[in-house]
Each structure stands twice: as C-alpha cells, then as structure tokens.
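Structural features, examined
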Amino acid sequence: MSDSKTLSLQVTGLNCASCSGRAEKALNAVEGVETATVNLAAETAQITYSDPATTETLINALSDAGYPAATQEVTLEIEGMSCASCVGRVDKALAAADGVLDVSVNLATETATIRYAAKATDVAILIKIATDSGYPAKVKSGDQADVDDKAERKAEEISHLGRLTIIAAILAFPVFAVEMGGHFIPGVRDWVNATIGDQNSRYMQFVLTTLVLFGPGLRFYKLGIPALLKGAPEMNSLVALGTAAAYSFSVVATFLPNLLPEGTANVYFEAAAVIIVLILLGRYLEARAKGRTGEAIRKLVGLQAKTARVERGGEVVELPLDLIVQGDIIHVRPGEKIAVDGEVISGHSYVEESMITGEPIPVEKSEGAEVIGSTINGEGALVFRATNVGADTVLAQIIQMVEQAQGAKLPIQGLVDKITAIFVPIVLVLAALTVLVWLGFGPDPALGFALVAGVSVLIIACPCAMGLATPTSIMVGTGRAAEMGVLFRKGDALQMLQEARIVALDKTGTLTEGHPELTDYSIGKGFIYDDVLRIAAAVEGTSEHPIAKAIVRAAKAKNMTLPMVDDFTSITGYGVQATVDGKQVLIGADRLMTREKIPLKGFQAQGDALGKDGKTPLYIAIDGVAAAAIAVSDPIKPTTREAIKALHDLGLKVAMITGDNQGTANAIAAELGIDHVVAEVLPDGKVAALEELRKGGTKLAYVGDGINDAPALATADVGIAIGTGTDVAIEAADVVLMSGDLNGVVNAFDISQRTMRNIRQNLFWAFAYNVVLVPVAAGVLYPFYGILLSPMLAAGAMSLSSVFVLTNALRLRWVKPAQANTGATADGETNTPGLRGSLEVQA
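None of these values were measured; they are calculated from a predicted model.

One finds Ile114, Ile720 and Phe749 to be the most contacted residues of the largest nonpolar core, which totals 130 residues. Apart from the residues lying within four places of it in its own chain, the contact partners of phenylalanine 749 are Leu497, Ala500, Val503, Leu647, Leu650, Leu652, Ala701 and Ile720. Core analysis: the second largest hydrophobic core is formed by 27 residues, Ile523, Val539, Ile547 and Val585 among them.

Structure representation (structure tokens):
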C-alpha cells in the first residue's frame, strides 16, 4: 500500500524462539499491521503497517505481551522560538516523526524533551526535523560548559537585541517626529511643509523606514514569511504582515498616489517603523526577564567544586572535576568544597550540608561517614574515597530533577496548546474581516481606516504572553522550590499537589525519628538505675531488635562497660533471659513476668500509663524480683507538631497510615491533632487505605520514606518522599524533600499553590488582554466614542503583555519558605525529647 510505513523497534525480554514468536504474534494482531518479524539474535522487530496502527499501539502490544520495546529520551535545545505558535510548530513536527512517543516543548527553557522508541529513530533525525521546521536544535548536555555556553549565548542575544533596538529607535525617531509631531505640536506640519516639503518628507520617511524594516526588523520577515508560506503562521508572521501592509500602502501613496482612491493616499511609515522598535524593545525586555528565570539552575551548577586534590602516582595533585573517577582518594583541607560524593577513610571534621539538606547544623564526619559533593568542609581535614562522580552525584541528580520539572508540561497547558494551535489563523481571519467591514461600512477615507484597524489587529493579537504564561511560572517556581529543598521530580505534581485535599503520612521515619529510644524508666526499691541499665544492655547487646538497640544506645551514651553474658535465650513473643554476673535476668513484656510468676506491683500501673501514651513498656527482673519498668518509643520529630498545624492552616486534612499497633497510633494522632488514623496495615494495606481515603474523587498526597512506602507513594495522586529515606521510596515519588523535616511538606504545598496561582494570573492576563483589546483594535469603539487604536499603541501593548507575564512569574523568586526548619535550638542542640525517669518505685 502506498501509505504503508516501516518501523524498526528494539525489543527487550526475548530469551528464546518462543518469546520471539509470541512477540511477533502480538504485533501481527494489531489492526493495520501488514507484516511483522522479530529477530531473536538482534532483539529487533521489523514492522510494516498503515492506519490505524501507530508507533504507540505497536509498542503497547509488545508491552502487553511481556516484551517491552526499549525507549530513550533526549532533551534538545531549540533556538528561535518566540511565541506559543512556535512551540506548537516544533511540537507538531517532532510528534509526527516515526518512533516518537511523547514530546514536551518548553518556551521558557527553550528546550524540547522527546521520548522515542530505540531503533525507530535517532537523535540526529530529531535534530534535523526541528531544524528543518525553522528552529535550529542541538542536544542539551547539561554540564558546566554547556550551562556557561548557554549563558554566554543568552547574554549575546540580549546585547544584540539591545543594539538592534537602539539602531531602530534612532532611525525611527525622525519618522515619528515628522509625521506625528503635527498631531501633538501646533505648527510642526506647517514648518515641515515650509522647509523640506511634504513630498520630500515622505521620501525621507520611506528611506528611514526601509532601513528599519530591512535592517533591525529583517528578523521578523526571515522567520515570519517562510512560516506563513508553509501554512504555519506564528507571531513573526503577524508582525511581518502588519508592518508590510502599512509599509506597502505608504510606498504606493508616496510614489504612485494616483492608484489609490481620492483622499486615501496617506502614509503610515511611522506606524511600521515604531512597531518594529516597540516589538524589538519588548523582545529585549523579554530576553532579559527570561534570562533570570533559569537562575536556580545556574545557582545549583555554581555550587559544584571546580577542582579537587586527588592521590595519583603516590602524590596528591589538583585535578579538574571531570578527571575524577570512582575510587579516587581525595584530600579535603579545612574550608574547602567537597568535590564529589564519597566515603570518609580518615580524618574528622564537621561539614556544612545545608545547601543540600536545608538543615542548618554542620554534620560530624569521621571514618565510614558519607560526604556529599559541593558541601563545605569545616575546620578539620578529611580523606575520602569517591563513590559517585559526574552525573551520579547527589547534586547532579538534583539538577537533573529540577530541569525535568522545569521542562514539564502541566495538564493546564493542554488547554493553552489547543487554543494557540488555532489562534494565529483566527487572528488572520479577524484581520481580514476587519478590513472588509471598514471598507464596506467605514467613513471616508475607508481604505485608510481599514488599513489602520487591520494592522492593529495583526500586531496586538500576539500569542507570546500565552506561550510564556505557564512555562515561566513552572521554571521559576520549581527553581525556588529546589532552593528550599523541595524537588519536583515530575512537573505535573506541581499542579496535582495544590489540588490535593488530604495529606496521608507514614508514621515511622516521617512523623517520628525512625528509630526507637529509651524514653522512660522507673527503678524498684533496692536497685540502682545505672547497674540495672548496664545489665539490661549486656543482655540486649546480642539482639538485632530495634528495642534492644535502643537500650544499648542508652548505656553507650553513659560510656558504660558491659559485663559478659551467659546462657542467653530468646523467648519468642515474650522477651529474653540470660545470666549476667551470676544473676538471672529477664527482660520483656508484662506477659513474660506473668508467665514467670514475678509480681509487678507498682510497676503495672506505670506500664499501663506508658502504653496509653503510645510507648512500649518493658520490665526487667533480676533474680526473680521486678527491678525496673522502662519505656521505649520512637520520638516524634521536633518540627512535626507545627508542620501538621501548618497543613491544617492550609485547609488540608491530615491522615496517618502505619503498620504500628492501633493504641500507639491513636495516642500519637491525639497528641499531634491528626484527623484520621489507619493502623496495623501492611504495605498493600496502605494502598487500600489510600483508595478508601480518596473515594469520591478527592485528591490526596502521601508522604513516606521507607521501602514499604513505595507502593503507596506510586499510588497516591502525589507521592512525597522524605529525602533521608530509601532510594526505592525516592524513585517512586513525585516530589522529594531533601531533609527529613516535615516542614518541607508544608513548603511543597505552599510553593505549589503559589505557582499555580501565578500561572492562573498569567493566563488570565494573556487571554483577557486579547479578548478585550482585539475588538478595540478592530474598531468596535469607533462608532460610539470615535476611538481607533493606533498600530503603534497596539505594538506597545503587545510587548507589555509579555513583559508583564514574565515579571509576574519572576515574583516567585522571592517566595519565602512557609515553614523554616526549626528543629534546632539557639545553642545548636536538637529539640529531641529527653530521657525521663523517677527515682524509685516500691515494687
């Protein structure tokens, strides 16, 4: 068939001839496929197909059969995009390419992110497609050199636009002064006629305007006319048509006035010239504002160290960052930046990690500790082994996440794309109708009025503001969020988060510190606390249970020397027993004491009270006598209470979902003011709990940090991972908090709400501007008030609309964190609950 296409796909999961046969069968079953052959050795599929089959349906068929096609993603830097129509044109050209599955073109970042099927196409073809559509492209590398190169090009572009604006303004000023001066200053027109004469004045205006249009203004014609001829008009096309119409009419009026109806041979050179000046000025201001929207990325890249002192050939030499490889031994002097991620092998120091985690207190580092690239070493010297270099470092991954979020297309952008796709053609139709209506019903000279109104409609209806409304806000908002330690891994989470009405929180590691601590104790008469703790820690020292570790940590904090343990036995479901210094020791729940017939007396009431407080009570018996009651609990993080209050203040309901027992969960919920509790659930139970919470279509966010939270993070409308948690949780999340502080959740909601409010403001302005001013430009007010908008004013208003949108988006750069990290006191100590105890109990 003449419309048949051939596609090559790289297929994964093929292990034998049966696999390739099943994959082949799945492809041939797709409607529209003519032939499909799968090569096991090459792991490829060759498919000939026609409508209704598409690349996407073929890939879905392979995926459903269990043999997914390999896909790749590339981000291209696109030059020359100036408005939403440009974005649509690039998007349409790339989306139509064979093998392309998804395209996201961003005007603010001037990039296109493309996901495509491996083997079906390649990067070179995609670059050629973008370039052939009129927008030169190259692969975005993202390294320091690339960032510097882009910054240099943007600076040169701003400088070039500034020079063009000045040249155009100098040339256009005499034209404007001569033609428009008579309207504002009495006697100017008489003076012009008496000195150089009316016709000579027109000749001068012709020369100067020609220099403006085909000098500084040539860029609009070089881009706009080819786009118009290809049937894909955009903003440059509107400017080119409008100025060319005014200029051409004026040329005829100057040199061949007899061709025009009597009384209509007026010139509009000043309109064409000043329009070019104003639009160039708008582009200049726009370029300067857009240059500031990427400030967050430049700041992050600027955090990277440039060199490091590395052991090579038995000596320490200074090397550039790109020459460091995994396994290198790196020396860090006091006050230096740590070059890459690594593990300390010698030395002791405190490292300032606030740029990554947001935590203000320096972190102690000694042998075995992990260090993060770009953080700042304190007063000690460190030697560490490089574990992650280049694109694998924490900072590089943060930069990548921010760039991905900035380049994302939010659901709200879909509406904008649909409107802008047909906007310019509609404007051309409206301009043509405007001219016809004025010619048919306008007063004399109707042709002059028709020209002015038609040109004004073409100039004022630029879709620049619409194209910039969403991506600039995303870019600035996600960048500011990153500076506050909130990383949006997926751009659409920015919109989904502000739509969420419920925040579901994991308990352990999210609300709490994530590890139990010995928090309460009561000592029986005749026993000494330190002696009992030393004996208990000795017994529990052989256990891996978290509660046992809490008891051991409490003893180590007192620098206790632990005695030897004999005859250790674990009693499943009850506790442990052992012999220490010839004494029989039992440690466990009250049921262990009951089983061993050891009376608890006064300890029982204290244990019950501790249990109601959400703590785990344990009892210690020595030689058959109850010696102590202790309580172990997972301390609530210092900032949890205020964070939950702040979430409530934002109008959100807070739920807690935990695998812990119902009593402990209820106690914590009551203490923190949590609205809804789901306890004693397994990981799949968390998913079911989320589904129950969002019945009726309520959007919710889930916050967690552990491997067991990954299913819930992936299921929630927005998954928020605590950055101190596991890699699995972070990979499943949409938003990552760089610190373990719950205040980051509040900041994430706040920046989401502010950014979406900013986007709505921009879109309202962009659309309202066109809805109100296009009719005004067409002349609807003229019959009632005699008002007809000048093309020059139209050009000024159009430029201001884009500058307004960009300036409004840039306000997000100065957003303050809704909640600061307050987990530290003035003296640097963390506000964690201390150990509480009573001197003794009559047991």
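UniProt's entry tags residues 164–185, 205–225, 237–256, 268–285, 419–441, 447–470, 763–785 and 791–810 with the feature "transmembrane region" (unreviewed entry), counted in the numbering of this structure. Its end C-alpha atoms 24 Å apart, residues 205–225 is made of 86% helix and 0% strand. Taken end to end, residues 237–256 comprises 95% helix and 0% strand; its first and last C-alpha atoms sit 27 Å apart.

A few words now on helix α19 (residues 529–540). The end-to-end C-alpha distance of α19 is 16 Å, a good match for the 16 Å that twelve residues give at a rise of 1.5 Å each. Of all twelve residues making up α19, nine are buried, and the element is well covered by its neighbours. Of the positions making up α19, those classed as buried are Tyr529, Val532, Leu533, Ile535, Ala536, Ala537, Ala538, Val539 and Glu540.

Whenever strands of a sheet pair, they do so through backbone hydrogen bonds, lying parallel or antiparallel. Spatially, six strands are ordered β9-β8-β10-β16-β11-β14 in an open sheet, and the strand pairing comes out antiparallel. Among the strands making up the open sheet, the edge pair consists of β9 (315–320) and β14 (370–371).

Once that is clear, we can look at the environment of leucine 586. When you line up the elements, leucine 586 lands in strand β22 (residues 583–588). For leucine 586, a relative accessible area of 10% puts it in the buried group. For the pair leucine 586 and glycine 575, spaced eleven residues apart in sequence, the C-alpha separation works out to 7.5 Å.

We now examine the sheet that holds strand β12 (residues 349–352). Taken in spatial order, the three strands line up as β13-β12-β15 in an open sheet, and their pairing is antiparallel. The open sheet has two edge strands with one neighbour each: β13 (363–365) and β15 (376–377). Examined bridge by bridge, β12 and β15 share two bridges and lie antiparallel to one another. Bridge pairing in β15 places valine 351 opposite asparagine 377.

On to unusual backbone geometry. Geometrically, the link from aspartate 51 to proline 52 is a cis peptide bond, its omega value of 10° lying close to zero. With omega at -10°, the peptide bond leading from aspartate 444 into proline 445 counts as cis. Relative to the elements of secondary structure, proline 445 occurs in the loop between α14 (411–441) and α15 (446–460). In this model, aspartate 567 sits at a positive phi of 55°, which is unusual for a non-glycine residue. Mapped onto the elements of the fold, aspartate 567 is located in strand β20 (residues 565–571). What makes aspartate 567 exposed here is its relative accessible area of 61%. For lysine 601, which is not a glycine, the phi torsion comes out positive at approximately 50°. Tracing the backbone shows lysine 601 in the loop between α21 (590–595) and α22 (602–612). For lysine 601, a relative accessible area of 57% translates into the label exposed.

This brings us to the side chain of lysine 365. Examined against the element boundaries, lysine 365 turns out to sit in strand β13. Residue lysine 365 is classed as buried on the basis of its relative accessible area, which comes to 7%. One polar contact links the side chain of lysine 365 to the main-chain carbonyl oxygen of glutamate 370, over a distance of 2.6 Å.

To continue, consider the pairing of strand β18 (residues 502–506). Burial of β18 is extensive: five of the five residues sit out of reach of the surface. Every second residue of β18 is oriented toward a common face, with Ile502, Ala504 and Asp506 on one face and Val503 and Leu505 on the other, all of them buried. Inspection of the sheet shows β18 paired to strand β27 (residues 700–704) by four bridges, in the parallel sense. Considered in β27, the bridge of leucine 505 is made with valine 703.

The rules behind each value
- Residues numbered from 1 in each chain as written.
- Predicted model: local features only at pLDDT ≥ 70, side-chain atom pairs only at ≥ 80, totals over all residues.
- Heavy atoms only, no water.
- Core = buried A, V, L, I, M, F, W, Y, C linked by side-chain atoms within 4.5 Å.
- Buried < 20%, exposed > 50% of the residue type's maximum accessible area, 1.4 Å probe, protein only.
- Contact = heavy atoms within 4.5 Å.
- UniProt positions renumbered as here; feature names shortened; annotations may be inferred.
- Helix = DSSP H or I, 4+ residues; strand = E, 2+ residues; numbered from the N terminus.
- Expected span 1.5 Å × (residues − 1).
- Pairing = 2+ DSSP bridges.
- Polar contact = N/O pair within 3.5 Å; in protein donor to acceptor, adjacent residues only side chain to side chain.

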